[in-house]
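This is what each chain is made of:
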Protein chains: 2
Amino acid sequence: MQGTVLSTMFAFMNVENAKAQMRKGILELCILGIIEKEKEAYPSDIIQIMKKAEIIVVEGTLYPLLSRLKKGGLLQYKWVESNSGPPRKYYTLTGEGSQYYLELKASWFNLSESVSKIIK
Amino acid sequence: MQGTVLSTMFAFMNVENAKAQMRKGILELCILGIIEKEKEAYPSDIIQIMKKAEIIVVEGTLYPLLSRLKKGGLLQYKWVESNSGPPRKYYTLTGEGSQYYLELKASWFNLSESVSKIIK
DNA sequence: AGACAGTACCTTGCAACACAAGGTACTATT
DNA sequence: AATAGTACCTTGTGTTGCAAGGTACTGTCT
């Protein structure tokens, strides 16, 4: 059972977990980026687009994040009827949101540059 | 006091916080990168090098992270006497650590590429 | 009409993690 | 003896991503 204890204790120490850690923090950036590019998007849209770009995001992550951005005044939404199911919440950027996105994008490029300096 | 409540509630919704979120998750990568490049490094070294690259990391973050990497078998250390204070813990990569670092670096480039696809 | 599948929304509880704040201990200088 | 400088480390807190579970609407097939 010692083996089990050890492998349980250090289960976190693997590349998959580290990759997950790296993904965190860029989700906000990506979501704002998608809404900006698409002009408007509803959650399932966003999940699909990110999946295509090979960044997996799930509902339990996305909904609270969208709510946060809405509460923060960066996003707004409107309900739109769908002819294939329940109505959808289409999110768009507010003026403040656009501004915020620009700053965040700049930060990403800076960070990216800094990391390159260190690891190349 | 309503104003205070609101500004406290949404204090998190700013670019500085988001930048901090983005930094998280790349720290492990950067630290391994520094140790790999320098062959060996002690914590204050690492803090200084990262500061130069404009990625701020503090002791309360670094020490637990180094311990995790040590426990995970990716790092090892040796004590080295200093003539300007207490002895230093010099960290080096283990074989497993080098392998892990390569994988993590590859993940970073993939992620970086994915983000570019989305936000450009 | 009733059952199902598909789509969409949302919440709760947990675990990981960065960080602020505080602490200990050694050396050299004043 | 006191101080400044360097180095190590721990505790507690807040934010967050995510697994798991739940509700509700629409159209289709018996």
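Up top you'll find the structure we're talking about.
Note that the structure is a prediction, hence the values are computed from the model and not measured. (Residues numbered from 1 in each chain as written. Chains lettered and ligands numbered in written order. Predicted model: local features only at pLDDT ≥ 70, side-chain atom pairs only at ≥ 80, totals over all residues. Heavy atoms only, no water.)

**Structural notes on the interface of chain B and chain A**
Between chain B and chain A, the residue contacts involve 43 residues of the former and 43 residues of the latter. Here chain B and chain A share an interface that buries about 3,900 Å² over both sides, 75% of which is from carbon and sulfur atoms. Here chain B is connected to chain A by zero salt bridges. Connecting chain B to chain A are eight residue pairs in polar contact (both at pLDDT 80 or more). Only α2 (15–23), α3 (27–38), α5 (59–71) and α6 (95–119) of chain B provide two or more residues apiece to the side of chain B that touches chain A. A total of 15 residues in the side of chain B that touches chain A trace back to one element, the largest contributor, which is α6(B). Of the residues assigned to the side of chain B that touches chain A, the class counts are 24 nonpolar, seven polar and twelve charged. (Contact = heavy atoms within 4.5 Å. Buried area = accessible area lost by both parts, 1.4 Å probe. Salt bridge = Lys/Arg side-chain N within 4 Å of Asp/Glu carboxyl O. Polar contact = N/O pair within 3.5 Å; in protein donor to acceptor, adjacent residues only side chain to side chain. Helix = DSSP H or I, 4+ residues; strand = E, 2+ residues; numbered from the N terminus. Nonpolar A, V, L, I, M, F, W, Y, C, P; charged D, E, K, R; others polar.)

**Some points on the packing of aromatic side chains**
All names here are of chain A. Counted according to the given criterion, the structure contains seven aromatic pairs over all chains. The rings of Tyr77, Trp79 and Tyr91 are connected pair by pair, giving a single aromatic cluster. Taking the ring centre of Tyr77 as reference, the NZ or CZ of Lys89 above it sits at 4.2 Å. (Phe/Tyr/Trp six-rings, centres within 6.5 Å; stacked < 30°, edge-to-face > 60°. Lys NZ or Arg CZ within 6 Å of the ring centre and 35° of its normal.)

**Observations regarding the pattern of salt bridges**
Residues and elements named next belong to chain A. Taken as a whole and judged by the stated rule, the model has four salt bridges over all chains. As a salt-bridge pair, Glu40 and Lys78 come within 3.0 Å of each other at their nearest N and O atoms. Of this pair, Glu40 sits in the loop between α3 (27–38) and α4 (43–52) while Lys78 sits in strand β1 (residues 75–80), and the two are 38 residues apart along the sequence. Under the relative-accessibility criterion, Glu40 is labelled partly exposed at 31%. Here Lys78 falls in the partly exposed class, since its relative accessible area comes to 44%. (Buried < 20%, exposed > 50% of the residue type's maximum accessible area, 1.4 Å probe, protein only.)

**A word on unusual backbone geometry**
Residues and elements named next belong to chain A. Positive phi outside glycine occurs at Lys39, with the angle close to 70 degrees. Along the chain, the position of Lys39 falls in the loop between α3 and α4. Overall, the relative accessible area of 63% leaves Lys39 in the exposed class. Even without glycine at this site, Glu54 takes up a positive phi of about 65 degrees.

From the geometry alone we can't say anything about function, so treat these as descriptive.
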